[in-house]
Amino acid sequence: MWKTIVRRFLIMIPQLFVLSLIIFIMAQFMPGDPFTGAITPETDPARIEELREKNGLNDPWYQQYGRWVGNAFQGEFGMSYTFKRDAGSLIGERAVNTFWLSLASVIILYVLAIPLGVLAGRYHNSLLDRAIILYSFVSYAIPTFILALLFLFFFGYTLGWFPTSGSVDIKYDPGTFGYIMNKIYHILLPATTYAILGTTTVIQYLRSEIIDAKGQDYVRTARSKGIPMRKVYSRHIFRNSLLPIAAFIGFTITGLLGGSIFIETIFGYPGMGQLFISSILSRDYSVITALVMLYGFLALLGSLLSDIIMSIVDPRIRIE
Amino acid sequence: MRTSEELLKIRDLHTGFRIGDAYFDAVDGVSLTLRENEILAIVGESGCGKSTLATSIIGLHDHNKTRVQGEILYKDKNLAKMTEDDFNDIRGLEIGMIFQDPLSALNPLMRIGEQIEEGLIYHTDFNKEKRQARVLELLNQVGIPNPERVARQFPHQLSGGMRQRVIIAIAISCKPKIIIADEPTTALDVTIQAQILDLLIDLQKETGAGIILITHDLGVVAEVADRVAVMYAGQIIELASVEELFANPKHPYTRSLFNSIPQMNSENEKLNVIEGIVPSLMKLPRHGCRFAPRISWVPESAHETEPQLHEISEGHFVRCSCHEHFYFKGEKEDKHHELYANQ
Ligand SMILES: Nc1ncnc2c1ncn2[C@@H]1O[C@H](COP(=O)(O)OP(=O)(O)O)[C@@H](O)[C@H]1O
Ligand code: SF4
Ligand SMILES: [Mg+2]
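Note that this is a predicted model, so its numbers are computed, not measured. (Residues numbered from 1 in each chain as written. Chains lettered and ligands numbered in written order. Predicted model: local features only at pLDDT ≥ 70, side-chain atom pairs only at ≥ 80, totals over all residues. Heavy atoms only, no water.)

Caption draft 1: Highlighting the overall build of chain A. If you tally the helices and strands in chain A, you get eleven helices and two strands. In terms of principal-axis extent, the alpha carbons of chain A reach across some 85 × 55 × 40 Å. When the 320 residues of chain A are sorted by exposure, 42% land in the buried category. Of the contacts made within chain A by residues no fewer than 6 positions apart, 70% connect residues no fewer than 24 positions apart. Split by element, the accessible area of chain A, about 16,900 Å² in all, is 69% carbon and sulfur. Positive and negative charge centroids in chain A, built from 26 and 21 side chains respectively, lie 18 Å apart. (Helix = DSSP H or I, 4+ residues; strand = E, 2+ residues; numbered from the N terminus. Buried < 20%, exposed > 50% of the residue type's maximum accessible area, 1.4 Å probe, protein only. Contact = heavy atoms within 4.5 Å. Areas by Shrake-Rupley, 256 points an atom, 1.4 Å probe, with all protein chains shown as cover. Lys, Arg positive; Asp, Glu negative; His and termini not counted. Charge placed at Lys NZ, Arg CZ, Asp CG, Glu CD.)

Caption draft 2: View of the site of ligand 1. Residue and element names in this part refer to chain B. Ligand 1 sits among F17, A26, E45, S46, G47, C48, G49, K50, S51, T52 and L281. Contact distances for ligand 1 include 2.9 Å between an oxygen atom and a backbone N or O atom of K50. Taking 560 Å² as the accessible area of ligand 1 by itself, protein coverage stands at 62%. Top element by residues in the shell around ligand 1 is helix α1 (residues 50–58). It accounts for three residues. For the shell around ligand 1, the per-class residue count stands at four nonpolar, five polar and two charged. (Near = heavy atom within 4 Å. Polar contact = N/O pair within 3.5 Å; in protein donor to acceptor, adjacent residues only side chain to side chain. Nonpolar A, V, L, I, M, F, W, Y, C, P; charged D, E, K, R; others polar.)

Caption draft 3: Seen up close, the interface of chain B and chain A. Each partner contributes residues to the interface: chain B has 29 residues there, and chain A has 21 residues. The junction of chain B with chain A conceals about 2,400 Å² of combined surface from both sides, 55% of it contributed by carbon and sulfur atoms. Contact with chain A buries area across many residues of chain B, yet L109(B), E118(B) and Y122(B) alone supply 27% of it, more than any other trio. Our enumeration of links across chain B and chain A arrives at five salt bridges. For E118(B), the salt bridge goes to R235(A), with nearest N and O atoms at 2.8 Å. The interface formed by chain B and chain A includes 18 residue pairs in polar contact (both at pLDDT 80 or more). Of all the elements in the fold, those that place two or more residues in the side of chain B that touches chain A are β6 (95–98) and α3 (112–123) of chain B. Here the side of chain B that touches chain A is built from residues that sort into 13 nonpolar, eleven polar and five charged. (Buried area = accessible area lost by both parts, 1.4 Å probe. Salt bridge = Lys/Arg side-chain N within 4 Å of Asp/Glu carboxyl O.)

Structure follows, in structure tokens:
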């Protein structure tokens, strides 16, 4: 299996290469350049030209591309024009925040969705099942930003239970217990919002898997052994129904990264998503290109992760 | 036939499925007896209610959508009225079941050994070690080479024939008195079929269990069964020992299973065929004979209004007396002419 994983990583290289070319070319076609915001119509054109020359923006594209890739390999993504600091370390900092937010979201998502999906499937057609279905439709119908704004307004401002922006209060020293608790405190509201929106798919999927599994031949065989029904559920029906959900985790994480763009922006949470939006607005090329590369890489990683999880939980699948 | 004690007595069993608001009986008034040491075959076209009968005996139907009426007497208990929980003391322990499709009947995520062991956990007081020894013993008994390895394997690593052996091992793990085999060889190659049937016969000789063997294959019946019940549209239409049934099939439906075309004393031979197919559950005629529409060339006067099983010789039951109106190619025609003339 290790061999396969290494090979999958190697296959990623050409994929990332193509992605980087596309990103680079698109960045070239983007209107304006990083100085557009920093200069005024009165600025001397010679001065602009000088800046462009100095930053290598007048070189042929393949030279610029070569330089960019070469640097990227050393973790150098250039300077952020807006933040006036190295894009790599800036993104790294934000990525850590996003990682914790995503992790919290995934945990809350599954803690909510698995019991609901299991109950709905187990007591299929009951009142409970209908209530869960209703919930999942409602949560599906609400757009992300509406729910986020509602939560922010209600729990953040009206009730004042949760902070309304940021990832940690400055009064705490990094590494202390208070610091960690404060971080978690900041994450809870955006993570719950995100989790609720993600529950629909998991609940519906799990529910239909369970209803489907109930009618399977192997469940009939299990019943024919005369074992208690709760064991038939736990050992046979749930085990088999959770399988596709487990495989889904990789993609869920990738999806969360994309979704975090809205959540982070609305909750003022300093993560990758928020950085992405702000760098697009300020045409911060080096940050945009680096972030798109990173998102692309994470998407590939997510699908690999799904395959690995699948091969661990399902004995029929061996990744070759 | 080895005569011995009666194990299971089914009396006027009706099993109906709820479709919309009404129940439709797929098993409609079946009475049968299973004895120790015998293989009772149940034959009939697909859709005639064989599997429904089997699942009623072992209580494997969906209780919300199925209605079981009548008696299935086992050790003075009526299984037809038993709750799901009580049934768990009988299923697996007293009655084992073998299923048609070995490819889907095993849990794909569970090791073979674990699946065989499951029943032992609830029906024996064996400790883990003893249970595992029993698993290996069972795998050995059903003719699986290298039991230690197979016990650790997953279903997809085994062939269809091997999986069916595993299912048989599960069914016999607690030495049940009754084994129900629902088309156990239908999904297998011919050579494997023969091996599985041999295995069933061997097991029966060893354990003395009563086996209900469901099949639509008369070849299988001839090979292994002691007695045969022929089912049509939820009812038993003929019941006899295997020798008697093959030598002397009476009901036109049984005859049609043997591929011999029943004929009447009529000039027009072409009309004398069994028409159509088994009607669907909702369209079954609930009064009168449900077979009559398929032999429209038989005159009205020949039908009984509510045809009953008649014992025409010892142990040989035929529904209705219609068989008296048929003769078959190569049989003495005079006798039948006479019978028909008396009508
Ligand atoms: N769960 C069910 N719900 C409704 N109808 C069913 C169900 N199972 C079987 N039937 C119907 O009952 C009849 C008998 O089916 P079955 O017992 O499976 O026949 P066999 O095993 O002889 O092929 C068929 O008409 C079939 O369509
Ligand atoms: S003769 Fe009897 S069994 Fe035959 S079709 Fe008529 S009623 Fe049915
Ligand atoms: Mg069947």
